[in-house]
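Overview (structure and organization)
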Amino acid sequence: MSRLIEKINRKSAKVSVIGLGYVGLPLAVEFARSGFAVTGIEVDNAKVKKLQKGQSYVDDVDPKELEDLIKKGQLQASTDFRLLNEMDTVSICVPTPLRKTKDPDISYILSVTREIKKYLHKDQLIVLESTTYPGTTDELVLPELEESGLKVGRDFFLAFSPERVDPGNKVYTTRNTPKIIGGVTPKCTQLAVALYQQAIEKVIPLSSTRSAEMVKLLENTFRAINIGLANEVAIICDRLGIDVWEVIEAAATKPFGFMPFYPGPGLGGHCIPIDPLYLSWKLKSLNYNARFIELASEINTSMPYHVVNKVTDALNRAKKSVNGSKILILGVAYKKDVNDVRESPALDILKILQEKGAQVSYSDPHVPELMLDTKPVTSVDISAYCHPTTSVRGQRQERTGRQNSLARYDCIIIVTDHSAFDYQAIVNEATLVVDTRNATRNVKSSLAKIIKL
Ligand SMILES: NC(=O)c1ccc[n+]([C@@H]2O[C@H](COP(=O)([O-])OP(=O)(O)OC[C@H]3O[C@@H](n4cnc5c(N)ncnc54)[C@H](O)[C@@H]3O)[C@@H](O)[C@H]2O)c1
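Each value, and the rule that gives it
- Residues numbered from 1 in each chain as written.
- Predicted model: local features only at pLDDT ≥ 70, side-chain atom pairs only at ≥ 80, totals over all residues.
- Heavy atoms only, no water.
- Helix = DSSP H or I, 4+ residues; strand = E, 2+ residues; numbered from the N terminus.
- Rg over C-alpha atoms; globule rule 2.2 N^0.38 Å.
- Buried < 20%, exposed > 50% of the residue type's maximum accessible area, 1.4 Å probe, protein only.
- Contact = heavy atoms within 4.5 Å.
- Phe/Tyr/Trp six-rings, centres within 6.5 Å; stacked < 30°, edge-to-face > 60°.
- Pairing = 2+ DSSP bridges.
- Axes fitted to C-alpha atoms, helices over the stretch in contact; angles between N-to-C directions.
- 1 Å grid on protein atoms, 1.4 Å probe; cavity = no way out; pocket = protein on both sides within 12 Å on 5 of 7 lines; lining within 4 Å.
- Points joined across faces, edges and corners; volume = space filled by probe spheres on them.
- Nonpolar A, V, L, I, M, F, W, Y, C, P; charged D, E, K, R; others polar.
- Parallel < 35°, antiparallel > 145°, perpendicular 65-115°, else oblique.
- Left-handed = near helix turned anticlockwise from the far one by under 90°.
- Salt bridge = Lys/Arg side-chain N within 4 Å of Asp/Glu carboxyl O.

A closer look at the overall build of the chain
Regarding its fold elements, the chain presents 13 helices and 17 strands. The C-alpha radius of gyration computed for the chain amounts to 24 Å, which stays within 12% of the reference 22 Å derived for 453 residues, consistent with globular compactness. Dimensions of the chain, computed from C-alpha atoms along their principal axes, come out at roughly 75 × 50 × 45 Å. Looking at the chain as a whole, 53% of its 453 residues qualify as buried. A separation of at least 24 residues holds for 67% of the contacts in the chain among residues at least 6 apart in sequence.

Brief notes about the packing of aromatic side chains
Applying the stated rule across the entire model yields seven aromatic pairs. Each ring, one from W245 and one from Y262, has its centre 6.4 Å from the other, and the planes form 10 degrees; the classification is stacked. With a gap of 17 residues between them, W245 in helix α9 (residues 244–251) and Y262 in the loop between α9 and α10 (275–284) connect regions that are remote in the sequence. Clustering of aromatic rings is evident, with ring pairs tying together F31, F36 and Y196.

Topic: the sheet that holds strand β6 (residues 156–160)
Within the open sheet, the eight strands sit side by side as β3-β2-β1-β4-β5-β6-β7-β8. Their pairing is mixed. Where the open sheet ends on each side, the last strands, each with one partner, are β3 (75–78) and β8 (203–206). Shown here is a sheet whose adjacent strand axes are inclined to one another by a mean of 25 degrees, direction ignored. As paired elements, strand β1 (residues 14–18) and strand β4 (residues 89–92) share four bridges and run parallel to each other. Counted as the bridge partner of S16 is V90 from β4.

Here's the deal with empty space enclosed by the protein
Within this structure, the stated rule accounts for two cavities of 30 Å³ or more. In this structure, the largest cavity spans a volume of roughly 50 Å³. For the lining of the largest cavity, a count of residues per class yields three nonpolar, three polar and three charged. Forming the walls of the second largest cavity are Y22, V58, D59, D60, P167, G168, V338 and N339. Residue composition of the lining of the second largest cavity, by class: four nonpolar, two polar and two charged.

Observations regarding α10
For an α-helix, 3.6 residues make a turn, and residues three or four places apart therefore share a direction. Judged by how many residues are buried, α10 sits mostly within the fold: seven of ten residues are covered. Buried within α10 we find D275, P276, L277, Y278, L279, S280 and K282.

Here we look at the packing of helix α8 (residues 209–240) against helix α11 (residues 291–317)
Close contact between α8 and α11 brings their axes to 8 Å; oriented N to C, the two are set at 45 degrees. With respect to each other, α8 and α11 are oriented oblique. Two packed elements cross with a definite hand, and for α8 against α11 that hand is left-handed. Mapping the contact onto sequence places T221, A224, I225, I227, G228, N231, E232, I235 and D238 in α8 and F292, I293, A296, I299, N300, M303, H306 and K310 in α11. Here the residues of the contact of α8 with α11 sort into nine nonpolar, five polar and three charged.

So, the layout of surface pockets
Approximately 950 Å³ is the volume found for the second largest pocket. K102, P273, E343, S344 and D348 are the residues nearest the centre of the second largest pocket, which is lined by 32 residues in total. Put simply, the parts of the chain that give the lining of the second largest pocket at least two residues each are α10, α11 and α12 (345–355). The leading source of residues in the lining of the second largest pocket is α11, at seven residues. Along the lines of polarity and charge, the residues of the lining of the second largest pocket split into 17 nonpolar, seven polar and eight charged.

Examining the pattern of salt bridges
For the structure on display, the rule yields 28 salt bridges. With a closest N to O distance of 2.8 Å, K117 and E144 form a salt bridge. Here E144 lies in helix α6 (residues 136–146) and K117 lies in helix α5 (residues 107–119), a separation of 27 residues in the sequence. Here K117 falls in the partly exposed class, since its relative accessible area comes to 22%. Here the residues in one salt-bridge network are E30, R33, E65 and R175, joined through shared partners.

Pasting the structure below:
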């Protein structure tokens, strides 16, 4: 152990990250920036090829910095797990989705653990970062690794440290978001803390892997439930004819005891809609029904239907039906200013409207192409209605002619409030706008044209 600590402190430890996605790539870059030689192992050959050419595919990773790190040899990417033989530390950042039945799919963690077991050696530190239910590290990963004959806390070291990255957040990045760490043994915690504090500003050690696993689930469950409450309040305000946005903003002026959460078209991304269900699934196996989680999930998953009802009512008032209407969805990424469409409510809204016979298109400056039922669909170019100076993945967007006039759509739905969109220009041209994010709060227009959630 002391040998590994020394190597970490001297930054001569060979650091690796498995799974170079939204979480793993920024982490690998952060370790490399702090002076470690970093190896990223990724099964997707296309990603590895891009990285080898110094190209970034994650918005939060600065392409120039990545290119420099690759050129200097500070960061390398490969599909070859045999490289783990030479690695002193391994951080696992593979996906933890849900199965169709809404049960946790931990097959990625298991498959990576089996690979690591093949190359596990003395004085190696393994850290699981993928979000998962409490018990995964010590019930699943640990026994698998100890099948190698090596003993945790003596020969190798194992910890859980949840990734808390908020994609698109320019203030809180991998480096300045405090890192929670819980080891299987105190030595495991000590080593993982030693490693991460070299690259991350603040590291918080906990007593166990289970506590660390639970912290992440508490954080995301807190968000899912509060967003669920905001969504229910939106439905209540709708019935009462009250502007929910005005109510939340006013409540948020209270300097204590209230924290604003906002309604929207539904949850999206790889975390908030999924992680709480990891917890409720685990609790079911212990004969406990996590009711707050189930209820919030029910309300949040109903929101795309609420949006479609709003669209239907708005069209109806204009003596139009959904069937046959031309509808443009603005923003298909699950949140503002990112290119991630996983679990995005826009996909549900699009599908429900199509099933009702609408002709639906989308425009998203961050998502040029979308796979819908294995068919590629292209984003409608509305750069004429975008801010000319907005930088999307480092490229300057220029306004082009209004070849795609918004006036030809029966309804525009703002699903993702990207900063690139010029909401005043959009509202000026559109005949009807359903705004699910209060993106038009500062727009001057006849109120009848804008329908809010
Ligand atoms: N995206 C977020 O905002 C976020 C935030 C916090 C935590 N997390 C958690 O972090 C984990 C990773 O999420 P992500 O968003 O980076 O996912 P991602 O899909 O963007 O990245 C995962 C990467 O792992 C690769 N991979 C899959 N199987 C592999 C294997 N066997 N060996 C090597 N590579 C493999 C995939 O090809 C992919 O590139 C998940 O558990 C997620 O819940 C995500």
